[in-house]
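# Close look at the chain arrangement
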Amino acid sequence: MTADRRRAVTLAAGGVLLALVPPIAALTDQPFYLDLFRRMMIFAIAAVSLDLILGYGGMVSFGHAAYLGIGAYAVGIPAYHGITNGFLQLGLAVAASALVALVIGAISLRTSGVYFIMITLAFAQMLYYLGISLETYGGDNGMRLAARSRFVGPIDLAQPTTFYYLVLAILVLLLVAGRRLVASRFGMVIRAAKANEPRARAIGFSTARYKLTAFVIAGATAGLAGALLANQTEYLTPDFMHWTRSGEIMFMVILGGMGSLFGPVLGAVALLLLEDVLSALTAHWQIILGPILILVVLFAKRGLFGLLAGARVD
Amino acid sequence: MSWALVLEQTLNGLQFGVMLFLMAAGLTLVFGIMNLVNLAHGSLYMVGAYLAAAFAHWSGSFVLGVALALPATLLVGIAVEVTALRTLYERDHLDQVLATFGLILFFNELISIIWGRAAIYTSVPTILGGHFRILPGVPYPTYRAGIIVVGVLVSVLLWGLVTRTRLGMRIRAGASNRTMVSALGVNVRLLYTLVFGLGAALAGLAGAMAGPIYAVQPGMGEAILIQVFVVIVIGGIGSIRGAMVGAIVVGMADTLGRAFLKPMLATVISPPAADKAGPALASMLIYLLMAAVLFFRPEGLFPARSRS
């Protein structure tokens, strides 16, 4: 099989499998799997958004969970005050995380390399502490989501299956849009800036502006994932922004294969599945996960998607 | 706000700064010389704290516990370097971040398997447990003063080691041009292991001394690790002088911010609003400080000389 066909087959199989989860879960009477896969897809959205800047732009942002938290609070805080309009909440989630990403990006992108890693981490940590200090909204204990987001007509998040297909639809839309974005002129400039920034600048692109735009797009998308996550867990805490969460999202990207858009989806599915299996095995499952992470980084940099689809990862 | 309180909090800030420096020195040396971002540095701090508590419990002497924890953490550091980190030197920073993140998960879980998840409290020996007067009417805990003294002593020793000895010369040479040092016949691999062990021992010392002040529990290393990142980013990564300045600045800003931001805000805005905004602002202060420094000096205050 050629690489293109293998890739197409892998993608089609993945899409069909995800679409079939609700009927299978209903038939086998295991609603838990519906919940698990919905969670996976929400994290997949966050991981894909990180892959846009990490895999294509070479920006190692170690604070991506911050936007998850912002998105979640953009649902939780209005809901607390009785505003449950989903369009408003999701719009707020996207706008707020885009704005925060703009500020963080504008400062962080002045630096590069290891400085960039540490600064994005520190900013996320700052927002984490901000979340803890929001006493009205539960402080470090967090709070229950007063009500799930309400949309018009048949889109009702209280229906597990409807919610599932909404998340799936958003994920597919994101992948299609992401595909077009990385193939566009904009995407080319981002990738050029990753490969050789001085050269990209020499050709005449103001790479800083392109990188900042990509950073904001990624932040806004992760904010959307955060809004969905708040609806998923019906609970929100500053832990959404904890730095280990940022590390997890980053690991999803690497595990799946960075710079491939579809890889992070696989990575999210695989990591959450692994966590589920390991935590059923022992309470001390992280002692197994840690070394697995190290081994993946050392020996399997192409990721799962590279393994399955034979895709070249740059 | 009395002057005695200001003095006390300034000393507390200095004490925190000294601890931050012990951590930052190792982290910045390892980065400057091996070009390695080591997130697991906080785990070594945690290991130091636990080992000190365990040795102190076993021997019945706090000082002996700390003294034993030092070489033990050094050995743990060397073991980590040889088994896991050595292969990471040539990798990019992303790989290093993720692999050392894996190490953190491993260490936190290992510690909680051995000692449990609950916090351990160690007590200070009676001789260090009291207070003494720094000025008439201004008592200060002897133990915290002891930390400052130890920290300053270690800093002087470290400065002497780096600037006055043959090993220090090699360390500095390794930081400025690794390839050249290795071509001149220095066993770079051994040098790396030594430097990493040294950094681990310093982190272990910080952890061991932290035991009686902060709770000893799994995950204790990460909170301080991120503050240490702020320190070395402000100071300039790879620069020991920068780590020194950054540590004092961050230690002071954090401590004084927590103590005085609320009363200061209360003079400007209404007290209930200050009650809410004060602690929030105080916990974000060092990150805002870092953002401000980076805005004007993206390489930090004392950028290490370029090695590219």
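Since this is a predicted model, take the numbers as computed values, not measurements. Within each chain, residues carry numbers counting from 1 in the order of the written sequence. Going through the entries in the order they are written, you letter the chains from A and number the ligands from 1. It should be noted that, the model being predicted, local features are given only for residues of pLDDT at least 70 and side-chain atom pairs only at 80 or more, the latter also being counted only at that level, while totals for whole chains, interfaces and linings use all residues.

## Regarding the overall build of chain A
Secondary structure assignment for chain A yields 13 helices and two strands. This radius of gyration counts C-alpha atoms alone. The globule rule is 2.2 Å times how many residues there are, raised to the power 0.38. Relative to its length of 314 residues, chain A is compact, with a C-alpha radius of gyration of 19 Å against a globular reference of 20 Å. The C-alpha extent of chain A, read off along each of the three principal axes, is 55 × 45 × 45 Å. Here chain A holds 314 residues, and 53% of them are scored as buried. By the criterion used throughout, residues are in contact when their C-beta atoms, derived from the backbone, lie within 7 Å. Partitioning the contacts of chain A with sequence separation of at least 6, the portion at a separation of at least 24 is 77%. Note on conventions: DSSP H or I runs of at least 4 residues are helices, E runs of at least 2 residues are strands, and numbering of each starts at the N terminus. Burial in this document is a count-based property: other C-beta atoms within 10 Å of a residue's C-beta are tallied, and the residue is buried at 20 or more, exposed at 12 or fewer, or partly exposed in between, with C-beta positions derived from the backbone.

## Looking at the overall build of chain B
For chain B, the count of helices and strands is twelve helices and two strands. Taken along its principal axes, the extent of the C-alpha atoms in chain B is 65 × 50 × 35 Å. The buried share of chain B, taken over its 308 residues, is 49%. Taking the intrachain contacts of chain B between residues at least 6 apart in sequence as the baseline, contacts between residues at least 24 apart amount to 75%.

## Some words on the interface of chain B and chain A
Interface size, as often reported, equals the accessible area lost upon joining of the parts. On the side of chain A, 35 residues touch chain B, which itself brings 35 residues to the contact. Secondary structure elements with two or more residues in the side of chain B that touches chain A: α4 (93-115), α10 (220-235) and α12 (271-296) of chain B. Sorting elements by how many residues they give to the side of chain B that touches chain A places α4 of chain B first, with 15 residues. Residue polarity follows a fixed list, in which Ala, Val, Leu, Ile, Met, Phe, Trp, Tyr, Cys and Pro are nonpolar, Asp, Glu, Lys and Arg are charged, and the others, Gly among them, are polar. Across the side of chain B that touches chain A, the residue classes tally to 27 nonpolar, five polar and three charged.

## Quick look at the packing of helix α3 (residues 62-85) of chain B against helix α9 (residues 188-210) of chain B
All names here are of chain B. Close contact between α3 and α9 brings their axes to 7 Å; oriented N to C, the two are set at 140 degrees. Considered as vectors, α3 and α9 are oriented oblique to each other. For the pair α3 and α9, the sense of crossing is right-handed. Taken together, the residues of α9 that come into contact with α3 (itself represented by Val66, Ala69, Leu70, Thr73, Leu74, Val76, Gly77, Ile78, Glu81 and Val82) are Thr193, Phe196, Gly197, Gly199, Ala200, Ala201, Ala203, Gly204, Leu205, Ala208 and Met209. By residue class, the composition of the contact of α3 with α9 is 14 nonpolar, six polar and one charged. Where helices are involved, their axes are fitted lines through C-alpha atoms of the stretch in contact, as for all axes, and angles between N-to-C directions lie from 0 to 180°. Roughly parallel refers to an angle under 35 degrees, roughly antiparallel to one over 145, roughly perpendicular to one between 65 and 115, and oblique to any angle outside these ranges. Each crossing gets its handedness from the near helix: less than a right angle anticlockwise from the far helix is left-handed, clockwise is right-handed.

## Some words on α9 of chain B
A turn of α-helix holds 3.6 residues, and therefore any two residues three or four places apart point the same way. Along its 23 residues, α9 of chain B runs 33 Å from first to last C-alpha, staying within 8% of the 33 Å computed at 1.5 Å per residue. Burial within α9 of chain B is extensive, with 18 of its 23 residues counted as buried. A helix's residues, less one, multiplied by 1.5 Å, set its expected span.

## Looking at the environment of Met209 of chain B
Residue and element names in this part refer to chain B. Note on placement: Met209 falls in helix α9. As for Met209 and Val195, which are separated by 14 residues in sequence, their C-alpha atoms are 21 Å apart. In contact with Met209, other than residues within four places in its own chain, are Met19, Val66, Ile147 and Val150.

## A look at the pairing of strand β1 (residues 131-135) of chain B
Residue and element names in this part refer to chain B. Counting buried positions along β1 yields zero of five residues, so the element is predominantly exposed. A pair of strands is considered paired only if DSSP assigns at least 2 bridges between the two. Sheet topology note: the β1/strand β2 (residues 138-141) ladder contains four bridges and is antiparallel. Paired with Phe132 across the two strands is Tyr140, which belongs to β2. The antiparallel hairpin formed by β1 and β2 contains two residues in its connecting segment, where Gly137 sits at a positive phi of about 80 degrees.

## Things to note about the nonpolar core
Each nonpolar core consists of buried Ala, Val, Leu, Ile, Met, Phe, Trp, Tyr and Cys residues. Their C-beta atoms, within 7 Å, join them into a set. Ranked by size, the top nonpolar core spans 209 residues in total, and within it Ala44 and Ala122 of chain A together with Met23, Ala24 and Val230 of chain B carry the most contacts. What Val230 of chain B contacts, discounting residues up to four positions off in sequence, is Ala122 of chain A together with Val250, Ile286, Tyr287 and Met290 of chain B.

## Let's talk about α12 of chain B
Across the chain, bend at a residue is computed as the angle between axes fitted to the seven residues ending at that point and the seven starting from it. Most pronounced at Leu285 of chain B, the bend in α12 of chain B amounts to some 50 degrees. Of the residues making up α12 of chain B, those classed as buried are Gly278, Ala282, Ser283, Met284, Ile286, Tyr287, Met290, Ala291, Val293 and Leu294 of chain B. Those residues of α12 of chain B that are buried are in contact with α4 (86-108) and α5 (113-132) of chain A together with α10 and α11 (240-266) of chain B.

## Looking at unusual backbone geometry
Residue and element names in this part refer to chain A. The backbone of Glu234 sits at a positive phi, close to 55 degrees, despite the residue not being glycine. Looking at the element boundaries, Glu234 is found in the loop between α9 (207-233) and β2 (235-236). For Leu261, which is not a glycine, the phi torsion comes out positive at approximately 60 degrees. With respect to the helices and strands, the residue Leu261 is situated in the loop between α10 (243-256) and α11 (262-281).

## A word on the environment of Phe215 of chain A
All names here are of chain A. Secondary-structure assignment places Phe215 in helix α9. Considering only alpha carbons, one finds Phe215 and Gly57, 158 residues apart in sequence, at a separation of 8.9 Å. Among residues more than four places away in sequence, those in contact with Phe215 are Ile53, Met59, Ala101, Gly105 and Leu109.

## Section: the confidence of the model for chain B
Low-confidence regions, as indicated by low pLDDT, have predicted coordinates that should not be scrutinised in detail. For chain B, per-residue confidence averages 86 on the pLDDT scale, and 98% of positions sit at 70 or higher. With pTM at 0.88, the complex prediction returns an ipTM value of 0.85. Along the chain, pLDDT gives the predictor's confidence residue by residue, from 0 to 100.

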